[in-house]
Amino acid sequence: MNTLQIQITGIFLILVPVVFNVFYALLQRTFDYPNILREPTKHVLARFQKGGSRLRMTWYGFMLSAVLFVPVVVLLAASELRTRNLPCEASSVPALAKAQQLRVVRQPSSGIAGLQISA
């Protein structure tokens, strides 16, 4: 692994957790996440709708910040592959696991953002 790859890996290892935790803190502050998940569904959806586009953007930022862990896994795996002579497929498993996690994400028009809530 050359010096540039080591520096890029280091930057990702520092920034990705920070970005992820910033969005997590924003969700805690604005949406009472994850405690709100203990509330009835009707209450959660009403709060989500009340949060508007700002809450939706925060939620998507939180979700997309988790995607940034994929390059971290790949960069770390690349360094391990070279030092231990592992097959390159070893780095694809964590990346595929993250892709599977993202499979559940829906478009705003088909997700809870489009629901009509009657109180």
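Our subject is the structure that appears above.
Model, not experiment: these values are computed from the prediction.

(A) Representation of the overall build of the protein chain. Each helix and strand counted, the protein chain has 4 helices and 0 strands in total. Counting all 119 residues of the protein chain, 21% fall into the buried class. Contacts spanning at least 24 positions in sequence make up 70% of the contacts within the protein chain whose residues lie at least 6 apart. Of the roughly 8400 Å² that the protein chain leaves accessible, carbon and sulfur atoms contribute 63%.

(B) Expanded view of helix α1 (residues 3–31). In this model α1 runs 42 Å from its N-terminal to its C-terminal C-alpha over 29 residues, within 8% of the 42 Å that 1.5 Å per residue would give. Looking at α1, one finds that the buried residues are T9, V16, L27 and F31. Following α1 by one or two positions, D32 has its phi on the positive side, about 60°.

(C) Inspection of the environment of F31 at higher detail. Within the fold, F31 resides in helix α1. Measuring from C-alpha to C-alpha, the distance between F31 and K50 comes to 9.9 Å, with 19 residues separating the pair along the chain. Aside from chain neighbours lying at most four places away, what touches F31 is L26, I36, V44, R47, F48 and L55.

The rules behind each value
Residues numbered from 1 in each chain as written. Predicted model: local features only at pLDDT ≥ 70, side-chain atom pairs only at ≥ 80, totals over all residues. Heavy atoms only, no water. Helix = DSSP H or I, 4+ residues; strand = E, 2+ residues; numbered from the N terminus. Buried < 20%, exposed > 50% of the residue type's maximum accessible area, 1.4 Å probe, protein only. Contact = heavy atoms within 4.5 Å. Areas by Shrake-Rupley, 256 points an atom, 1.4 Å probe, with all protein chains shown as cover. Expected span 1.5 Å × (residues − 1).

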